[in-house]
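Listed below, chain by chain, are the residues.
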Amino acid sequence: MTDTLTILRPDDWHLHLRDGEMLQGVTLHTANHFARAIIMPNLVPPVVTGAEAEAYRDRIMAAVPASMTFEPLMTLYLTEATQADDVAAAHASGLVKAVKLYPAGATTNSQSGVSNIDNVQGVLERMADIGLPLCVHGEVTDPDIDIFDREAVFIERVLDPVRRRVPGLRVVMEHVTTADAVAYVQADDSGNLAATITTHHLIINRNHILAGGIRPHYYCLPVAKRETHRLALRAAACSGDERFFLGTDSAPHTDEAKLLPCGCAGIFTAPNTMSCLAHVFEEDGALDRLEGFTSRHGPQFYRLPVNSDEVTLSKQADPVRYPEYIETGAGKVTVFDPGFDLFWRVED
Ligand code: DOR
Ligand code: ZN
């Protein structure tokens, strides 16, 4: 039985750290295990300009405990008013590693996002020229489209046409949740397309949210789909295909904001993500591919070096206990419950 596993230190290619008291409370839970993370810009107001990204990076660095090293990889929030020159300058300075597309109204703090993709054509063309990736929240917002179909319809109506119009554009399909998205990535031969997969979408399906009572802590966007889709995500993550890598989408909200008649979308997985992933990859006989998923494929797509240090995971005889929630200055934040005991832990 394998009981220890040493891998290159992982990175998180999709993370929400928020701001203020929440930022102070959650940052160490990622910095504990991860060297770098792509930081989502959906603050209120959003991080739109290079100057705003620089100021946000400084606030994040101030929240990293002195004993830890952590590099936030900043992103810009794409709006219909975004200036291509500002994006290019923020990229050239090394500050910004991606631009994030939120279809307006698709998810938390996406009101300032893009309503008509034609209106950002110039920015996308410049990004293709300079090789700057576009991170895509891939869901249509059309109220006539069933929420469980919004990812598949987005690929057909928005993503594929945009990629044809701007062929050099490098795209990360964020937090994919469907077999359709997996197949779309697998069918691509341009080298310009990749996808992140979250920890929770490898573990839960829609029954976890809705069967036997409604469970707001499993509600996120894109919403978890039926079991066949979860299995397609597991197979993609565990396949060793370099186009799939970890983006936890760890998205902290206070319990107060989650447990409402209209609660927020988002699952907080930062503390136990590596334990959950080791469990998943071991269950699928793919522990030897965990390092690719968490530590190699992401830097390869983002054209960054892999991390130079390592982490060791060890399998315990007794379950590893994580707190049910963490306390932050903003309030209690519930930690993802995978629904089974975890035995792997990251050694200190
Ligand atoms: O569940 C989600 N939470 N999905 C998103 O796209 C946004 C995120 C958040 O910011 O809370
Ligand atoms: Zn997200």
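Whatever comes next refers back to the structure up there.
These figures come from a predicted structure and were not determined experimentally.

Engineer: Can you explain the sheet that holds strand E5 (residues 96-101)? Please cite residues and give values.
Structural biologist: Strand order in the open sheet formed by eight strands is E2-E3-E4-E5-E6-E7-E8-E9, and the pairing between neighbours is parallel. Taken across any chain shown, the strands that pair with only one partner, and hence form the sheet edges, are strand E2 (12-15) and strand E9 (244-246). Sheet twist, expressed as the mean angle between neighbouring strand axes with direction ignored, is 30 degrees. Two strands pair when backbone bridges link them, and strand E6 (residues 134-136) and strand E7 (residues 171-173) are joined in this way by three bridges, in the parallel orientation.

Engineer: I'd love a proper account of unusual backbone geometry, names of residues and values included.
Structural biologist: Backbone geometry follows two general trends: most residues other than glycine have a negative phi, and most peptide bonds adopt the trans configuration. That bond from Val-44 to Pro-45 is cis: its omega, -5 degrees, falls within 30 degrees of zero. Along the chain, Pro-45 falls in the loop between strand E3 (36-39) and helix H2 (50-63). In this structure, Pro-222 follows Leu-221 across a cis peptide bond, with omega equal to -5 degrees. Structurally, Pro-222 can be placed in the loop between helix H7 (206-210) and helix H8 (227-237). At His-175, a position not held by glycine, the phi torsion is positive, near 35 degrees. Topologically, His-175 is positioned in the loop between E7 and helix H6 (179-187). Overall, His-175 belongs to the buried group, its relative accessible area being 2%. Even without a glycine there, the phi angle at Arg-303 is positive, about 55 degrees. As for its placement among the helices and strands, Arg-303 is situated in the loop between helix H11 (290-302) and strand E10 (310-315).

About the cut-offs
Residues numbered from 1 in each chain as written. Chains lettered and ligands numbered in written order. Predicted model: local features only at pLDDT ≥ 70, side-chain atom pairs only at ≥ 80, totals over all residues. Heavy atoms only, no water. Pairing = 2+ DSSP bridges. Helix = DSSP H or I, 4+ residues; strand = E, 2+ residues; numbered from the N terminus. Axes fitted to C-alpha atoms, helices over the stretch in contact; angles between N-to-C directions. Buried < 20%, exposed > 50% of the residue type's maximum accessible area, 1.4 Å probe, protein only.

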